[in-house]
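# Coordinates in review
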Amino acid sequence: MMPQTSTPRVCRDCDGFATATITTGLPTADGTRDTIPVHCPTCRGLGRTVPAALTRAGK
């Protein structure tokens, strides 16, 4: 059996790029595009996750 560690791992859904900035398509008053940050729903914008086996072990 392999030892379990609580080391966070890179999120498999966002591959560590937890926040992306996307344009809304609307121009602002100064002529640039309005942008909003969007966070990965799996890791909540952290870019890393704790293995599932460790989160269930504590319950």
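Further up the page is the structure itself.
Being a predicted model, the structure only gives us computed values, none of them experimental.

### Brief notes about the environment of L46
The topology assignment puts L46 in the loop between strand 3 (33-39) and strand 4 (48-49). Residue L46 is classed as exposed on the basis of its relative accessible area, which comes to 54%. C-alpha separation for the pair L46 and V10, spaced 36 residues apart in sequence, amounts to 9.2 Å.

### With respect to unusual backbone geometry
The backbone phi angle of D15 is positive, close to 60 degrees, even though this residue is not glycine. Residue classification places D15 among the exposed residues on the basis of a relative accessible area of 56%. In the Ramachandran plot, R44 falls in the positive-phi region, its phi being about 60 degrees despite a non-glycine side chain. Looking at the secondary structure, you find R44 in the loop between strand 3 and strand 4. Look at R44 and you get exposed, because its relative accessible area is 71%.

Each value, and the rule that gives it
- Residues numbered from 1 in each chain as written.
- Predicted model: local features only at pLDDT ≥ 70, side-chain atom pairs only at ≥ 80, totals over all residues.
- Heavy atoms only, no water.
- Helix = DSSP H or I, 4+ residues; strand = E, 2+ residues; numbered from the N terminus.
- Buried < 20%, exposed > 50% of the residue type's maximum accessible area, 1.4 Å probe, protein only.

Everything listed is a geometric property; what it means functionally is a separate question.
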